[in-house]
There are 10 protein chains.
Amino acid sequence: MLYAVRMDVALPPGMDSDVRTDTLAREKAYSHDLQRAGEWVSIWRCVGQYSNLSIFDVADNERLHEILWNLPLFPYMTIDVTPLAQHPSDLAAG
Amino acid sequence: MLYAVRMDVALPPGMDSDVRTDTLAREKAYSHDLQRAGEWVSIWRCVGQYSNLSIFDVADNERLHEILWNLPLFPYMTIDVTPLAQHPSDLAAG
Amino acid sequence: MLYAVRMDVALPPGMDSDVRTDTLAREKAYSHDLQRAGEWVSIWRCVGQYSNLSIFDVADNERLHEILWNLPLFPYMTIDVTPLAQHPSDLAAG
Amino acid sequence: MLYAVRMDVALPPGMDSDVRTDTLAREKAYSHDLQRAGEWVSIWRCVGQYSNLSIFDVADNERLHEILWNLPLFPYMTIDVTPLAQHPSDLAAG
Amino acid sequence: MLYAVRMDVALPPGMDSDVRTDTLAREKAYSHDLQRAGEWVSIWRCVGQYSNLSIFDVADNERLHEILWNLPLFPYMTIDVTPLAQHPSDLAAG
Amino acid sequence: MLYAVRMDVALPPGMDSDVRTDTLAREKAYSHDLQRAGEWVSIWRCVGQYSNLSIFDVADNERLHEILWNLPLFPYMTIDVTPLAQHPSDLAAG
Amino acid sequence: MLYAVRMDVALPPGMDSDVRTDTLAREKAYSHDLQRAGEWVSIWRCVGQYSNLSIFDVADNERLHEILWNLPLFPYMTIDVTPLAQHPSDLAAG
Amino acid sequence: MLYAVRMDVALPPGMDSDVRTDTLAREKAYSHDLQRAGEWVSIWRCVGQYSNLSIFDVADNERLHEILWNLPLFPYMTIDVTPLAQHPSDLAAG
Amino acid sequence: MLYAVRMDVALPPGMDSDVRTDTLAREKAYSHDLQRAGEWVSIWRCVGQYSNLSIFDVADNERLHEILWNLPLFPYMTIDVTPLAQHPSDLAAG
Amino acid sequence: MLYAVRMDVALPPGMDSDVRTDTLAREKAYSHDLQRAGEWVSIWRCVGQYSNLSIFDVADNERLHEILWNLPLFPYMTIDVTPLAQHPSDLAAG
């Protein structure tokens with residue numbers, strides 16, 4: 001099942017530099033793992049924003065929530081979820 | 001260059017049935033052509049909405065506008081465009 | 001899988017009385033069928049609004065979209081979809 | 001009487017870890033008590049959000065306010081209340 | 001039980017003059033009946049708006065919805081409902 | 001002259017406990033005085049919110065501002081003011 | 001008593017030309033009368049908008065509502081009312 | 001004096017085809033005249049929108065309003081005006 | 001040239017008392033100077049708000065920005081600027 | 001390729017004075033370099049705002065993001081990006 005997810009990041013002004021570096025490194029590794037597993041299908045930077053637009057392909061709502069809730073940057077994110085379905089104009093729909 | 005485009009459709013209440021059928025057929029054919037050409041990369045239905053989320057891969061801003069402006073459903077659409085760039089956490093970014 | 005769906009209805013001012021009666025009857029029958037099938041779990045009226053809040057329990061995003069898209073009142077509705085997951089404070093979560 | 005309540009939680013960035021753990025434990029116990037008493041009918045996690053959607057079945061407005069006001073997380077919540085009534089399409093409405 | 005209700009009226013541009021006069025007369029009589037019955041406690045005009053702010057004192061959510069749904073102007077109104085409870089600073093609260 | 005006033009309170013996270021207790025006590029006494037004087041006609045709690053809806057009956061705009069500006073909680077409030085007039089459907093309007 | 005009032009005008013697309021001309025003439029005469037009477041103190045055009053910002057000096061809320069309700073363009077206007085008081089930095093405040 | 005102006009166009013659904021063609025031709029000629037006169041400095045299409053972003057260099061507020069009010073498409077436009085000043089980081093500011 | 005300017009003030013919670021007193025005194029003196037010079041034509045308090053609505057009569061956009069940018073309270077303000085022109089219904093317009 | 005970019009700056013209340021001075025100096029130098037390179041075509045101050053409206057002419061989305069992401073003030077900015085195309089009424093369009 002597919003979902004579009006927009007994540008906007010807002011790090012707190014006085015965030016400790018080491019904490020920040022570590023959090024970002026863990027976020028990247030976490031994302032890499034899920035991309036390799038085929039659940040985090042796409043991730044794009046929204047131009048001029050500390051934001052990404054991502055496509056997830058997961059088993060169900062529970063799994064999507066588990067993935068997002070455990071993002072290292074989750075406490076600093078505003079997240080918007082759009083469930084997707086096949087579009088009748090998609091070539092793949094025949 | 002990549003762009004995410006959200007299109008929300010609102011057909012006028014008293015739209016003539018033949019005009020409607022014809023417009024939707026032309027919209028589908030138009031989308032199919034651009035998908036085959038590799039410019040309209042993805043199209044998904046947003047669940048519960050007369051809307052789609054699409055990814056375009058086009059030469060530049062001019063080309064994206066040309067494509068959207070000529071959508072048979074353009075006069076009935078609200079369109080939101082988000083320019084995209086490569087995300088540093090994308091596996092493809094190395 | 002569970003989803004909360006809010007539906008706001010706005011019938012066009014000059015809607016034909018017979019069309020209206022027929023559409024509402026079909027909407028009710030359609031909802032009854034899905035309630036009996038266990039997919040439309042709950043439906044409540046939002047006080048003072050021509051709106052309902054509903055809970056759906058369906059196989060996946062595709063099925064939810066199919067149900068909503070085929071609502072007889074779909075062309076007159078604004079729909080908001082919230083995917084749900086189990087809450088850790090739910091007694092059922094142990 | 002039924003109400004739908006959406007609660008969005010925003011814990012302050014530098015919240016003390018013990019205070020946080022204690023508050024969350026009390027919140028869970030508080031919710032469990034009300035679920036057992038039949039007043040907090042349903043609680044679902046909104047996917048990708050630090051939020052829940054809940055259904056309450058209480059005697060009146062006063063009782064709902066008393067319950068919400070005394071939530072251990074109340075000072076950190078944004079709360080939206082929708083009073084509900086029976087929907088004419090509800091199978092239970094005959 | 002008390003509720004604050006804001007009603008904003010928007011009559012359609014080409015509304016038939018007789019229908020309009022009749023609807024407004026029925027709205028007024030309907031409001032008068034409920035004021036005399038003690039359920040529609042207060043009604044004020046919002047300055048410069050085709051709107052009112054009203055206080056209702058009714059048995060429950062069901063009754064409030066019944067009253068609002070049957071307003072002759074209901075099809076032309078946007079309605080906002082705020083459930084009320086006793087305020088601890090109210091002199092009547094002791 | 002009547003005004004509806006909605007006050008939403010947001011106390012700062014780390015507010016000193018004594019300052020808080022004292023401010024709330026002064027707010028309550030201040031409100032009581034104005035209720036006894038007949039200027040603060042009604043005050044209701046909005047269910048589930050740290051908010052009240054109040055009706056004021058004061059001499060003019062200047063007096064309403066003086067009252068609101070001197071609320072002990074004023075620095076922590078978002079305030080919305082709606083000037084009211086007699087509604088033609090009010091029984092008292094004849 | 002002073003009020004700032006913003007009026008945004010939206011004439012219906014197919015408005016009869018004579019009705020339009022007559023309504024605008026009556027609006028202008030109505031405004032002139034109130035300006036001469038000293039109640040409509042100022043009226044400015046908001047640049048690029050079919051809108052005005054006006055200052056009224058009237059006896060009370062009732063009178064302001066009476067004036068606005070009887071504007072020939074009232075049915076086509078969105079109106080926003082801001083009650084004003086003397087500012088402590090106003091030279092006239094001493 | 002410089003202003004940024006965003007214009008969003010919404011032609012009415014059933015607009016007569018000749019009226020439309022004529023209005024668009026007059027709009028284009030009107031814009032050309034002002035561009036040649038140096039008052040309409042820049043005009044860009046916003047990608048995917050029936051909208052433009054323009055820069056005007058005019059004598060004062062009165063002149064800008066005169067220009068916008070007389071746009072052939074003015075009755076079909078939503079217009080947003082931002083007055084501009086020299087930016088201290090502009091190379092031209094020295 | 002005339003502009004309407006709305007200024008909403010939000011002083012930071014823990015602002016030093018002396019800094020606050022000094023800033024407010026400088027703000028008042030600054031406003032008095034510009035009122036005497038005829039550039040700050042009117043200033044009104046918005047009832048129930050830490051806000052003012054002001055009318056400025058200045059040479060051009062540059063001068064208005066210079067005035068607003070140098071307000072002692074500028075760092076704590078949200079400012080909304082509306083350029084004004086003569087209204088055709090203004091008595092002064094003949 | 002052209003883009004309109006609006007940048008709103010909000011420096012944190014307690015920002016160190018030296019850090020602030022240094023950041024603003026680097027921001028100015030950064031902007032000057034890009035103006036000289038022809039990529040940052042225009043920059044205007046929005047009157048009464050700590051904001052600018054800018055026009056960029058860059059190779060593609062990637063380059064625009066690189067420029068914006070590296071703005072010394074980026075962590076303190078809210079940025080809005082509008083991709084632009086040639087307007088058919090632009091004199092340069094023939």
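Thresholds applied
- Residues numbered from 1 in each chain as written.
- Chains lettered and ligands numbered in written order.
- Predicted model: local features only at pLDDT ≥ 70, side-chain atom pairs only at ≥ 80, totals over all residues.
- Heavy atoms only, no water.
- Helix = DSSP H or I, 4+ residues; strand = E, 2+ residues; numbered from the N terminus.
- Contact = heavy atoms within 4.5 Å.
- Areas by Shrake-Rupley, 256 points an atom, 1.4 Å probe, with all protein chains shown as cover.
- Buried < 20%, exposed > 50% of the residue type's maximum accessible area, 1.4 Å probe, protein only.
- Pairing = 2+ DSSP bridges.
- Buried area = accessible area lost by both parts, 1.4 Å probe.
- Salt bridge = Lys/Arg side-chain N within 4 Å of Asp/Glu carboxyl O.
- Polar contact = N/O pair within 3.5 Å; in protein donor to acceptor, adjacent residues only side chain to side chain.
- Nonpolar A, V, L, I, M, F, W, Y, C, P; charged D, E, K, R; others polar.
- Least-squares fit on C-alpha atoms with pLDDT ≥ 70 in both.
- Axes fitted to C-alpha atoms, helices over the stretch in contact; angles between N-to-C directions.
- Arc of directions from axis to C-beta.
- Expected span 1.5 Å × (residues − 1).
- pLDDT = per-residue confidence, 0-100.
- Phe/Tyr/Trp six-rings, centres within 6.5 Å; stacked < 30°, edge-to-face > 60°.

Before going further, it helps to examine the overall build of chain A. Along the backbone of chain A there are two helices and four strands. Each helix (α) and strand (β) of chain A, taken in turn from the N terminus, gives the series β-α-β-β-α-β. Judged by the C-alpha coordinates and their principal axes, chain A covers about 55 × 25 × 20 Å. A separation of at least 24 residues holds for 67% of the contacts in chain A among residues at least 6 apart in sequence. Accessible surface, chain A: about 4,100 Å² in total, of which carbon and sulfur atoms supply 50%.

Separated in space, chain B and chain G share no contact, their closest pair of C-alpha atoms being 16 Å apart. For chain F and chain H, which are not in contact, the least C-alpha distance works out to 26 Å.

All names here are of chain H. Counting buried positions along strand β3 (residues 51–57) yields six of seven residues, so the element is predominantly enclosed. Of the strand pairs in this sheet, strand β1 (residues 2–9) and β3 are connected by seven bridges, and their pairing is antiparallel. If you follow Tyr3 over to β3, its bridge partner there is Phe56. The hairpin turn running from strand β2 (residues 40–46) into β3, its antiparallel successor, is four residues long, and Gly48 in that turn takes a positive phi close to 85°.

We now examine the environment of Leu24 of chain A. Residues and elements named next belong to chain A. With respect to the helices, strands and loops of the structure, Leu24 is situated in helix α1 (residues 17–36). Between the C-alpha atoms of Leu24 and Ser51, which are 27 residues apart in sequence, the distance is 13 Å. Once you skip the residues sitting within four places of it in the chain, Leu24 turns out to touch Tyr50 and Leu73.

Listed as interface residues are twelve residues of chain C and, on the opposing side, twelve residues of chain A. Of the roughly 870 Å² buried between chain C and chain A, counting both surfaces, carbon and sulfur atoms make up 62%. At the surface where chain C touches chain A, the tally comes to zero salt bridges. The interface formed by chain C and chain A contains six residue pairs in polar contact (both at pLDDT 80 or more). Among the secondary structure elements, those contributing two or more residues to the side of chain C that touches chain A are β1 (2–9), α2 (61–69) and β4 (77–86) of chain C. Within the side of chain C that touches chain A, the residues separate by chemical class into seven nonpolar, three polar and two charged.

For the pair chain C and chain A, the superposition axis carries a translation of 0.0 Å, the fit reaches an RMSD of 0.0 Å, and the rotation angle comes to 180°. Taken together, the rotation and translation relating the two chain copies correspond to the operation of a two-fold axis. Take the interface residues of chain C: 100% of them recur as interface residues in chain A, which is what a same-surface contact looks like.

We now examine the sheet that holds strand β2 (residues 40–46) of chain J. Spatially, the eight strands close up into a barrel ordered β1(H)-β3(H)-β2(H)-β4(J)-β1(J)-β3(J)-β2(J)-β4(H), and their pairing is antiparallel. Strand-to-strand twist across the sheet, computed as the mean angle between neighbouring axes with direction ignored, equals 35°. On top of the sheet, helix α1 (residues 17–36) of chain H reaches β2 and β4 (77–86) of chain H; it is set at about 140° to β2 of chain H, its chief contact. Across the sheet, helix α2 (residues 61–69) of chain J is in contact with β1 (2–9), β3 (51–57) and β4 (77–86) of chain J; its angle to β1 of chain J comes to roughly 20°.

Two copies of one chain are present, and they are related through a rotation about an axis combined with an axial shift. Mapping chain B onto chain A calls for a screw motion: a turn of 180° about the axis and a shift of 0.0 Å along it, with 0.0 Å RMSD after fitting. Residue by residue, 100% of the interface of chain B is reproduced at the interface of chain A, so both copies engage with the same surface.

Once that is clear, we can look at helix α2 (residues 61–69) of chain G. Helical geometry note: an α-helix holds 3.6 residues per turn, so side chains three or four residues apart project in the same direction. Along α2 of chain G, the positions that sit buried rather than exposed are Asn61, Leu64, His65, Ile67 and Leu68 of chain G. What you see down the axis of α2 of chain G is that its buried residues fit within an arc of 160°, all on one side.

Turning to helix α1 (residues 17–36) of chain E, a few remarks are in order. Residues and elements named next belong to chain E. The terminal C-alpha atoms of α1, which comprises 20 residues, lie 29 Å apart, in line with the 28 Å expected from a rise of 1.5 Å per residue. Listed in full, the buried residues belonging to α1 are Thr23, Glu27, Ser31, His32, Leu34 and Gln35. For α1, the secondary structure elements touched by its buried residues are β2 (40–46), α2 (61–69) and β4 (77–86). Here α1 starts with a cap whose side-chain oxygen sits 3.0 Å from the backbone nitrogen of Asp18, and that cap is Asp16.

Moving on to the pairing of strand β2 (residues 40–46) of chain B. Residues and elements named next belong to chain B. Most of β2 is tucked away, with six of its seven residues classed as buried. Bridge count between β2 and strand β3 (residues 51–57): five bridges; the pairing is antiparallel. Bridge pairing in β3 links Arg45 to Asn52.

What follows concerns the sheet that holds strand β2 (residues 40–46) of chain C. Pairing is antiparallel in the closed barrel, where eight strands are placed in the order β1(C)-β3(C)-β2(C)-β4(D)-β1(D)-β3(D)-β2(D)-β4(C). Ignoring which end each strand starts from, the neighbouring axes of this sheet average 35° apart. Strand contacts of helix α2 (residues 61–69) of chain A: β1 and β4 of chain C together with β2 (40–46) of chain D, with the helix running at about 75° to β4 of chain C, the strand carrying the most contacts. Its contacts with the sheet put α2 of chain C on β1, β3 (51–57) and β4 of chain C, and the angle it makes with β1 of chain C is roughly 20°.

Our focus in this paragraph is the pattern of salt bridges. Tallied over the entire structure, the rule returns 50 salt bridges over all chains. Arg63 of chain B is the partner of Glu39 of chain B in a salt bridge, and the nearest nitrogen-oxygen pair spans 2.6 Å. Residue Glu39 of chain B is found in the loop between α1 (17–36) and β2, and its partner Arg63 of chain B is found in helix α2 (residues 61–69); the two are separated by 24 residues along the sequence. For Arg63 of chain B, a relative accessible area of 25% gives the class partly exposed. Asp22 of chain C is paired through a salt bridge with Arg26 of chain C; the nearest N and O atoms lie 3.1 Å apart.

This brings us to the confidence of the model for chain A. For chain A, mean pLDDT is 97; residues scoring 70 or higher make up 100% of the total. For this predicted complex, the interface confidence reaches an ipTM of 0.96, while the overall pTM sits at 0.97.

Within this structure, the stated rule accounts for 30 aromatic pairs over all chains. Seen in terms of ring centroids, Trp40 of chain D and Phe56 of chain D are 4.7 Å apart; in terms of plane orientation they differ by 40°. Their pairing is tilted. Of the two residues, Trp40 of chain D is situated in strand β2 and Phe56 of chain D in strand β3 (residues 51–57); the sequence distance between them amounts to 16 residues. Feature note: the residues Tyr50 of chain A together with Trp69 and Phe74 of chain J constitute an aromatic cluster, connected by ring pairs.

Let us now look at the environment of Met1 of chain H. In this structure, Met1 of chain H sits in the segment before β1. As a C-alpha pair, Met1 of chain H and Ala59 of chain H span 58 residues in sequence and 6.1 Å in three-dimensional space. Look past the residues within four positions of Met1 of chain H in its chain and what remains in contact with it is Phe56, Asp57, Val58, Ala59, Asp60 and Asn61 of chain H together with Met1, Tyr3, Asp60 and Asn61 of chain I.

Interface extent is often summarised as the accessible area lost during association of the parts. The interface of chain B with chain A comprises 26 residues on the first partner and 26 residues on the second. Summing both sides of the interface, chain B and chain A together bury roughly 2,500 Å²; the carbon and sulfur share of this comes to 66%. The interface formed by chain B and chain A contains zero salt bridges. Viewed at the interface, chain A and chain B are joined by twelve residue pairs in polar contact (both at pLDDT 80 or more). Within the residue set of the side of chain B that touches chain A, elements represented by two or more residues are β1 (2–9), α1, β2, β3 and β4 (77–86) of chain B. In this structure, strand β2 (residues 40–46) of chain A lies alongside β4 of chain B, joined through three bridges in antiparallel fashion. Each bridged residue has a counterpart across the sheet, and for Trp44 of chain A the counterpart in β4 of chain B is Gln86 of chain B.

Next up on the list: the side chain of Glu39 of chain F. Judged by its relative accessible area of 17%, Glu39 of chain F falls in the buried class. Apart from residues lying up to four places away in sequence, Glu39 of chain F is in contact with Leu34, Ile55, Phe56, Asp57, Val58, Arg63 and Ile67 of chain F.

Turning our eyes to something else, we now look at the environment of Val81 of chain D. With respect to the helices and strands, the residue Val81 of chain D is situated in strand β4 (residues 77–86). Note: C-alpha distance between Val81 of chain D and Val5 of chain D (76 residues apart in sequence) is 4.7 Å. When neighbours within four sequence positions are excluded, Val81 of chain D is seen to be in contact with Tyr3, Ala4, Val5, Leu64 and Leu68 of chain D, Pro83 of chain E together with Val47, Gly48 and Gln49 of chain F.

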